[in-house]
Amino acid sequence: MFSRTLRLFFWMGVAAIAGYWLQPNSGHLLGAFFVCLLTVIKDLWKGQKITQWLRHNNVQEPPQMDGIWGDLIDRMRRILNEQRKQTQNEEQKLQDFLLAIQASPNGVVLLDPEGRIEWCNQTAALHLGMDAKRDLMQHVVHLVRDPVFKKYYSNESHDAEAMIDGRSVSLQKSVKLSVQLHSYGENRQLLLTRDVTTIAQADAMRRDFVANVSHEIRTPLTVLSGFIETLQTLNLNKDEQEKYLDLMSVQASRMQDLVNDLLMLSQLDGSTLPSINEPVSLQSLMSSIESEARGLSAAQLFENEAPQMMRFETPEGVQLSGANKELHSAVSNLVNNAVRYTPSGGLITSSWNLLPDQRIQFSVTDTGSGIASEHLPRLTERFYRVDRSRSRESGGTGLGLAIVKHVMQRHGGELKIESEIGKGSKFTLIFPASRVLQSTLSQFEEAVVSV
Ligand code: ADP
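Residues numbered from 1 in each chain as written. Predicted model: local features only at pLDDT ≥ 70, side-chain atom pairs only at ≥ 80, totals over all residues. Heavy atoms only, no water.

1. Some thoughts on the overall build of the protein chain
Link 1 in the chain: Counting secondary structure elements, the protein chain contains 12 helices and 12 strands.
Link 2 in the chain: In terms of C-alpha radius of gyration, the protein chain reaches 44 Å, well past the compact-globule figure of 22 Å for 451 residues.
Link 3 in the chain: The principal-axis extent of the C-alpha atoms belonging to the protein chain is close to 155 × 65 × 35 Å.
Link 4 in the chain: Within the protein chain, counting contacts between residues at least 6 apart in sequence, those at least 24 apart form 59% of the total. (Helix = DSSP H or I, 4+ residues; strand = E, 2+ residues; numbered from the N terminus. Rg over C-alpha atoms; globule rule 2.2 N^0.38 Å. Contact = heavy atoms within 4.5 Å.)

2. Section: the domain arrangement of the protein chain
Link 1 in the chain: Segmenting the protein chain into domains produces domain 1 (2-98), domain 2 (104-195), domain 3 (201-272) and domain 4 (274-450).
Link 2 in the chain: The gap between the C-alpha centroids of domain 3 and domain 4 is 26 Å.
Link 3 in the chain: Counting from both sides, the interface comprises 17 residues of domain 3 and, opposite them, 18 residues of domain 4.
Link 4 in the chain: Counting the surface lost from both domain 3 and domain 4, the interface buries some 1,600 Å², and carbon and sulfur atoms represent 59% of this.
Link 5 in the chain: It is M264, L265 and L268 in domain 3 that bury the most area against domain 4; as a group they hold 35% of the surface buried on that side.
Link 6 in the chain: Our count for the contact surface shared by domain 3 and domain 4 stands at 3 salt bridges. (Domains from an automatic or database assignment. Buried area = accessible area lost by both parts, 1.4 Å probe. Salt bridge = Lys/Arg side-chain N within 4 Å of Asp/Glu carboxyl O.)

3. Quick word on the packing of aromatic side chains
Link 1 in the chain: Summed over the entire model, instances satisfying the criterion amount to 6 aromatic pairs.
Link 2 in the chain: Seen from their ring centres, W352 and F362 are 4.9 Å apart, and the 45 degrees between their planes marks the pair as tilted. One end of the pair, W352, is in strand 9 (residues 347-354); the other, F362, is in strand 10 (residues 360-366), and 10 residues separate them in sequence.
Link 3 in the chain: For W352, a relative accessible area of 5% puts it in the buried group.
Link 4 in the chain: Overall, the relative accessible area of 0% leaves F362 in the buried class.
Link 5 in the chain: An angle of 25 degrees between the planes, with centres 6.1 Å apart, marks the rings of W352 and F431 as stacked. (Phe/Tyr/Trp six-rings, centres within 6.5 Å; stacked < 30°, edge-to-face > 60°. Buried < 20%, exposed > 50% of the residue type's maximum accessible area, 1.4 Å probe, protein only.)

4. Thoughts on the site of the ligand
Link 1 in the chain: As a matter of local geometry, the ligand sits amid 20 residues, with N337, Y341, S391, G398 and L401 nearest to it.
Link 2 in the chain: At a separation of 2.9 Å, a nitrogen atom of the ligand approaches a polar side-chain atom of D366.
Link 3 in the chain: A distance of 3.3 Å separates an oxygen atom of the ligand from a polar backbone atom of G400.
Link 4 in the chain: For the ligand, whose free accessible area comes to 530 Å², the fraction covered by protein is 97%.
Link 5 in the chain: Those elements giving two or more residues to the shell around the ligand turn out to be helix 10 (324-340), helix 12 (400-410) and strand 12 (424-431).
Link 6 in the chain: Taken together, the residues that form the shell around the ligand break down as 9 nonpolar, 7 polar and 4 charged. (Near = heavy atom within 4 Å. Polar contact = N/O pair within 3.5 Å; in protein donor to acceptor, adjacent residues only side chain to side chain. Areas by Shrake-Rupley, 256 points an atom, 1.4 Å probe, with all protein chains shown as cover. Nonpolar A, V, L, I, M, F, W, Y, C, P; charged D, E, K, R; others polar.)

5. A few points about the sheet that holds strand 9
Link 1 in the chain: With respect to topology, 5 strands assemble into an open sheet ordered 7-9-10-12-11, the strand pairing being mixed. The open sheet has two edge strands, strand 7 (309-313) and strand 11 (414-420), and neither has a second partner. Averaged over neighbouring strand pairs, the angle between their axes works out to 10 degrees when direction is ignored.
Link 2 in the chain: As paired elements, strand 10 and strand 12 share 7 bridges and run antiparallel to each other. Residue pairing for strand 12: D366 is matched across the bridge by S425.
Link 3 in the chain: Against the sheet, helix 9 (residues 282-299) touches strand 7, strand 9 and strand 10, its axis set at about 175 degrees to strand 7.
Link 4 in the chain: Of the strands in this sheet, strand 11 and strand 12 are in contact with helix 12, which crosses strand 12 at around 25 degrees. (Pairing = 2+ DSSP bridges. Axes fitted to C-alpha atoms, helices over the stretch in contact; angles between N-to-C directions.)

6. So, the environment of D66
Link 1 in the chain: Here D66 lies in the loop between helix 2 (27-56) and helix 3 (67-103).
Link 2 in the chain: Classification of D66 as exposed rests on a relative accessible area of 58%.
Link 3 in the chain: Distance in space between the C-alpha atoms of D66 and V175 is 70 Å, their sequence separation being 109 residues.

7. A closer look at the confidence of the model for the protein chain
Link 1 in the chain: Here the protein chain averages 90 in pLDDT, while 97% of its residues score no lower than 70.
Link 2 in the chain: Low pLDDT, under 50, characterises residues 447-451; the predicted model gives this stretch 14 contacts beyond four residues in sequence or across chains. (pLDDT = per-residue confidence, 0-100.)

8. Quick word on the sheet that holds strand 2 (residues 117-120)
Link 1 in the chain: The sheet built from 5 strands is open, its strands ordered 2-1-5-4-3 with antiparallel pairing. Lying at the two open borders of the sheet, with one neighbouring strand each, are strand 2 and strand 3 (162-167). In this sheet, adjacent strand axes meet at a mean angle of 30 degrees when their direction is disregarded.
Link 2 in the chain: Relative to strand 5 (residues 188-195), strand 4 (residues 174-184) is paired through 8 bridges, and the arrangement is antiparallel. Its bridge partner lying in strand 5, V179 is registered against T193.

9. A look at the pattern of salt bridges
Link 1 in the chain: The full count for this structure, using the stated rule, is 20 salt bridges.
Link 2 in the chain: In this structure, the salt-bridge partner of E216 is R385, at a minimum N-O distance of 2.7 Å. A residue pair is termed long-range when its members are at least 10 positions apart, and E216 in helix 7 (residues 197-233) and R385 in the loop between strand 10 and helix 11 (388-393) qualify at 169 residues. Of the two residues examined, E216 and R385, each falls in the buried class.
Link 3 in the chain: Residue E242 is joined to K238 by a salt bridge in which the shortest nitrogen-to-oxygen separation is 3.4 Å. Of this pair, E242 and K238 are both found in helix 8 (residues 238-270), 4 residues apart, which corresponds to roughly one turn of the helix.

Structure below.
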């Protein structure tokens, strides 16, 4: 700065002397003025160049100048560089933040104070049937036309969430959405959407289950209380009393069976998976199931009826690893069903086989009434019955096959059902090879079947 001033004075002096030499009256003033004017024009030109450089925002190619202008350009360049880096960093952070919101399984929509969509992630766009780019700055109520949402949006308080119909991310099916508005910033709002279909389904299943259980318990309870009232009010003879007590005992054991099955299901739901090292002998498992089945078969036989024929084939010495109680429940449910749904004189066969891939298979075949194909996919649902009265008459709870399926899932196996109306049914349990104790495999007969 100092040298620049000195230089200016020097040139003003030189110009004044030259002016005086040319015109002694006022030449020195004109000379000095001329130098000042030149300096101002030169500075204006440099200022113009710097403005142009700043306007084009080309920080990396500044105009080449020396002296005070050079210093100025250098400082400006450094400040601009720092600002650019800061802006880039902030943009990067914003991008990362938006990417994180994009990755969210929940939908996020940012609304301006007028309720127009400023930004939304892909999940929200799919849930609400919007286009994340095209629909920007559209009013949200014009796009989400569900009347429930319109009413919710116009409410003053948005403390609770609202349930509306939406679309799944895969666009395959309609889903139940939970939507909630949250205020932020200056009158802006954040709209969150969440797919709650599975929660809603689980809730509906829970409600159905409680309703079914109450209904199943109420029926024998009503019958029982009716009998108790009869016994209390009527003067019955011994035979009549015994008859009523027998009927009461049937209802009581029905309730007991139902409670036992419910307890079994809740144990299956809540307990740890069956161990892989606990051996269960097929022989002892099947001998108790066989005597149970023969007892049941005899109990349901009316006078003069031909008894059911039963064949049990169990290899000696083979052991399966799993939970004894669960395996007993699964296998006995299938065998007892075969007994209950096969008329007198029918044939029930059960056998264990080793499959070529070392899995082990249990199957029970009957010559009973069979099941129509439309019922097969639903048989393992809790309380699903093909013939309600037949099931109840024969002491069914409607939970047997649900238990079987659950047990098989816990043992890593599967349940297969084949049936034909009028011919009979075949229920098969397939256990993974890891559940067969390898040391006992040789006990299987050579007969190897294919699935
Ligand atoms: P339930 O206690 O009613 O027998 P399950 O869950 O064991 O309940 O079976 C569901 C339904 O499947 C039964 O109500 C019955 O209609 C049908 N079912 C099961 N096993 C057989 C079978 N062996 N033969 C014919 N129908 C069967």
